Each structure stands twice: as C-alpha cells, then as structure tokens.
Amino acid sequence: MVLEEILQSGFAELGLPLDGEALRRYRLYYETLTEQNKVMNLTAIEGEADSARLHFLDCAALLTLCEPGGKSVIDVGSGAGFPGLPLKIACPSLSLTMLDSLDKRVGFLRETCEALALADVVCIHARAEEAPAAFRQGFDAAVSRAVARLNLLSELCLPFVKVGGLFAAMKGPGAAEELAEAKKAIRTLGGEIEHVAEYTIPGTDVTHTAVLIRKVTDTPARYPRRWAQMKKQPL
C-alpha cells in the first residue's frame, strides 16, 4: 500500500503521531479525490505517491509549526480541501470551517467529509470578502494554501482571526519577495509576522515556506474590500 507506507514514514520523519483511523481516512480521501477529479478540475497532482507527499504530508507539516488541536480554524479558499482536511484528519479535535467560492467544490467537500465521518466541520460556499458577518474575528486560526499573493491573502484571511490568533499562509519557495511586498498590508490589517519557516516535504527535495502571522490588533472595519479593489489597489 504505497500511500500508507509513505504517510507512515513521512509522519515519523515529521515527528507527528499517525493512527490507523487517520490512515484509513487519508486512503478514503485519496480515493474520493481521484474519482471526482475525473469529472472536476480539483487537482493536478495525481497518483498515490505524489498525493501522499505533495498534498497530505505538505499540509501535515504545518502541524510541526503550530498546534491547532481544540481550536477553531478556517481554511480560506479550500479548493479540494487543502490544507484543511489533511489537518483535520491528523488532528480530529480541531473545529474546521472550509470556505470556497465555487459551489461544486463545496459540494465535493461536504460529500467527502460525510464519507470520512468527520465531526465538527462546516463547508461554506462564499467568497472570503463576502463571508457571513458572524465569521469576522471568530476563529483562533486561519490557514490558506496557494490562493493569492501574501498581501492580498492577508486582507482575505486576517479579518477572520481573533486578536491573539494566528494566520498561517502556506507558500512556495519564493516567499521572500511576497513577504517584503506584504509587510505594510499585514500591519494595516492588525497582524505581525511571528515566524517564517522553510520545510522540506518528507521523501522529496521540495521546499515550501510557512508564514505565521500573529493577530495583535483588531482589523479595521473597512477591510476586507471587494476583490476587484484589492487587486487594483493592493495594500
């Protein structure tokens, strides 16, 4: 069983626990994703080995940098469920909200969560800047993976985070330029860069970056703006 072997080895390398139930859920998630990917454009990464490493282990690596157990987490721009679902499978005690702008993807997420019998997960069809008002500063943490450049992503994500909470942005290897570009936006939105960590996905030579931003003050009420305005006049 290629996927299971890679996950067991990778989790051990990351120093993270992995039980049989989590392995079963990762297998079912992979099979569901593979089947639906035939009719929906969910992911360009295919096959057990690449999915195990470049999806599941990549997302799980975030658990070595922050501990979401027992906390409320919103995954902004979930897409096919990354990073939210792999985090939830590895850490079932977190309370997960997944937000995506495409209704078909949200339908896939709901069906997958039901198939995996995951409790305390909500899947919402909405753009981040148009999310329910009750979500504002309502989460202990926000996570996002490969959705937008960091200055734009911060405006989408930081408004969801409680003061004292954390925004974790998963980025590729070239994050330094984005980070420099986003410093003003992060300060304006009430954030403060806490830690920037590069990590190599177990079993690969692929290096990614996690940018951890602490929410230190309230986000001003005028943010987030409409997407078109964000793009036209980025902070």
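Residues numbered from 1 in each chain as written. Predicted model: local features only at pLDDT ≥ 70, side-chain atom pairs only at ≥ 80, totals over all residues. Heavy atoms only, no water.

**Here we look at the environment of Val143**
Along the chain, the position of Val143 falls in strand β4 (residues 139-145). Those residues in contact with Val143, other than ones at most four positions away along the chain, are Leu62, Val73, Ile74, Asp75, Val76, Pro83, Leu87 and Ala168. (Helix = DSSP H or I, 4+ residues; strand = E, 2+ residues; numbered from the N terminus. Contact = heavy atoms within 4.5 Å.)

**Comments concerning the nonpolar core**
Nonpolar side chains in soluble globular proteins tend to be buried together. Leu7, Tyr26, Tyr29, Phe56, Met98 and Phe108 are the most contacted members of the largest nonpolar core, which totals 49 residues. Counting residues per element, this core draws most heavily on helix α2 (residues 20-36), which supplies six residues. Beyond its immediate stretch of four places on either side in the chain, Phe108 contacts Tyr29, Thr32, Leu33, Gln36, Met40, Leu42 and Ala80. Judged by nonpolar contacts, the second largest core, of 31 residues, contains Ala148, Ala169, Ala182 and Leu235. (Core = buried A, V, L, I, M, F, W, Y, C linked by side-chain atoms within 4.5 Å. Buried < 20%, exposed > 50% of the residue type's maximum accessible area, 1.4 Å probe, protein only.)

**So, the packing of aromatic side chains**
Using the criterion set out here, one finds seven aromatic pairs in the structure. Considering the side-chain rings of Phe11 and Tyr26, the 6.0 Å spacing of their centres and the 55 degrees angle between planes classify their relative orientation as tilted. Here the residue Phe11 occupies a position in helix α1 (residues 2-14), and Tyr26 occupies one in helix α2, the gap between them amounting to 15 residues. The pair Phe11 / Tyr26 is uniform in exposure class, with both members buried. Judged by centre distance (6.4 Å) and plane angle (80 degrees), the rings of Phe139 and Phe160 are edge-to-face. You can see Phe139 sitting in strand β4 and its partner Phe160 sitting in the loop between α6 (150-157) and β5 (161-171), a full 21 residues away along the chain. For the pair shown, Phe139 and Phe160 are each scored as buried. (Phe/Tyr/Trp six-rings, centres within 6.5 Å; stacked < 30°, edge-to-face > 60°.)

Fair warning: the whole summary comes from geometry, so function is off the table for now.
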